[in-house]
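# Inside the fold
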Amino acid sequence: MRGVDARCVGALAVALSFLLLPALAAAEDFPARPIRLIVPFPPGGPNDIIARVVGQRMAELFKQPVVIDNRGGQAGVLGTDAVAKAKPDGYTIGITSASSLVINPMMEQVAYDVSKDFAPVSLVATVPEMLVVATNVPARNMSELVALAKAEPGKLNFASSGTGGLPHLAGELFKQTAKIDIVHVPYRGAAPAINDLLGQQVQMTFLDLPVILPQIKAGNLRAIALGARQRAPTAPDVPTTAEVGMPELLIENWYGMIAPGATPAPIIAALNRTAFEAMADPAVKQKLAEQGLTLAPDSPEQFRNFIASETEKWGKVIKNAGLETTK
């Protein structure tokens, strides 16, 4: 009986090796032609900048072109879906964001299943959200802002770049953490939200640090706290939320590299290894640091676990806020 079992195990091992041979051979030759890197947002934004800087260095390392393909629409959902439906051979990958992989799938019906339709390659970069207030708000720090909100419940409001986006959820997490009542005012993008904040039509907002930093440096808005683990080199005088007594108010936008779900593991490993090497390049680090971005490479498994933890975190915020979804 043991001989039969041994023969079965041996036969199974041989069969599995034959199944793996094509993938291993493909990985050895990979890449043999240009790679398409889908950016699910228009040119010029953080997603696009990251893709072009990291993609250029990956192209040099691979000795094959990495072609940027901007597929904007539906807050990143359309381009992300294009990655999900691409041939799983490593020649179509994407750099997408928290909105596409975590928030939108919880807020609305999307055509992809994040846990099945993507193979995580690596987290690439993070950018913290900054809490800022209009200059007419009589609060210069977090404790004064919370005290003001508690003294006038429902009177203060916060702008966001749109319902269900990270700035909106950041405001909801702030409400839940500080136990305050402030009113959400959604806009169609960050620019009109900033304009009304400058015009003192709204009192506060959370936005990506690079987006809001020029107005802070010009003295047009007042920074209260940064939703990050460490202070930002570009805004060293602004305390983190942990420093002001709210460590749970950690709010960072992030961008990660993905491939179609059935992409062979050896090819995912090759992509991860090359992305890691690209992000270790001092010139790449410098270019992205100038944009307020922090590189955060990790393993495919670590990135998968990170997506799961972010889904759990923001899922609780959405539930506790009683936000309506279209799922």
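Scope of this entry: the structure provided in the associated data block. Going along each chain's sequence as written, the residues are numbered from 1 onward. Local features in this predicted model are restricted to residues whose pLDDT is 70 or higher, and side-chain atom pairs enter the listing and the counts only when it is 80 or higher, whereas totals over whole chains, interfaces and linings include all residues. Just so you know, side-chain values use all the structure's heavy atoms and leave hydrogens and water out.

## Some details on the overall build of the protein chain
Each helix is a run of DSSP H or I of at least 4 residues and each strand a run of E of at least 2, with the numbering of both proceeding from the N terminus. In terms of helices and strands, the protein chain carries 12 helices and 10 strands. The 327 residues of the protein chain split such that 50% are buried. Only heavy atoms enter the contact rule, under which two residues are in contact if any of them lie within 4.5 Å. For the protein chain, the share of sequence-separated contacts (at least 6 apart) that also reach a separation of at least 24 residues comes to 78%. In this description, accessible areas are obtained by the Shrake-Rupley approach with a 1.4 Å probe, and a residue is regarded as covered only by the protein chains that are shown. Within the structure as shown, the protein chain displays about 15100 Å² of accessible surface, and the carbon and sulfur contribution to it stands at 56%. Whether a residue is buried, partly exposed or exposed follows from its accessible area with a 1.4 Å probe, protein chains only, as a fraction of its type maximum: under 20%, in between, or over 50%, in that order.

## Brief notes about the pattern of salt bridges
A carboxyl oxygen of Asp or Glu within 4 Å of a side-chain nitrogen of Lys or Arg is what we treat as a salt bridge. According to the stated counting rule, one finds 11 salt bridges in the structure shown. Where K85 meets D81, a salt bridge forms, and the shortest distance between an N and an O atom there is 2.6 Å. Owing to a relative accessible area of 56%, K85 belongs among the exposed residues under this scheme. The exposure class of D81 is buried, given its relative accessible area of 16%. Across the pair E252 and R229 runs a salt bridge, and its minimum N-O distance is 3.2 Å. Of the two residues, E252 sits in strand β9 (residues 252–260) while R229 sits in the loop between β8 (221–226) and β9, which places them 23 residues apart along the sequence. Through salt bridges that share partners, R36, D69 and R71 make up one connected network.

## Points about helix α7 (residues 166–178)
Take the number of residues in a helix, subtract one, and multiply by 1.5 Å to get its expected span. Over its 13 residues, α7 extends 18 Å from the first C-alpha to the last, a length consistent with the 18 Å expected when each residue adds 1.5 Å. Counting buried positions over the 13 residues of α7 gives 11, a clear majority of the element.

## Structural notes on the pairing of strand β2 (residues 66–70)
As judged from the 5 bridges shared by strand β1 (residues 35–39) and β2, these two strands associate in the parallel manner. Counted as the bridge partner of L37 is I68 from β2. Look down the strands so they point away from you; if going from the first strand over the helix to the second traces a clockwise path, that crossover is right-handed. A crossover connection joins β1 to the parallel β2 through helix α2 (residues 46–62); in handedness this β-α-β unit is right-handed. We call two strands paired when DSSP finds no fewer than two bridges between them.

## Remarks on the nonpolar core
Core analysis: the biggest nonpolar cluster contains 72 residues, and L101, M130, M142, L145, F174, M204 and W314 have the highest contact counts within it. The element that contributes the greatest number of residues to this core is strand β4 (residues 118–134), accounting for 7 residues. Filtering out sequence-adjacent residues up to four positions away, F174 remains in contact with L131, M142, L145, V146, K179, I180, I182, M204, F206, M246 and L249. Only buried residues count toward a nonpolar core, which is a set of Ala, Val, Leu, Ile, Met, Phe, Trp, Tyr and Cys residues joined through side-chain atoms within 4.5 Å.

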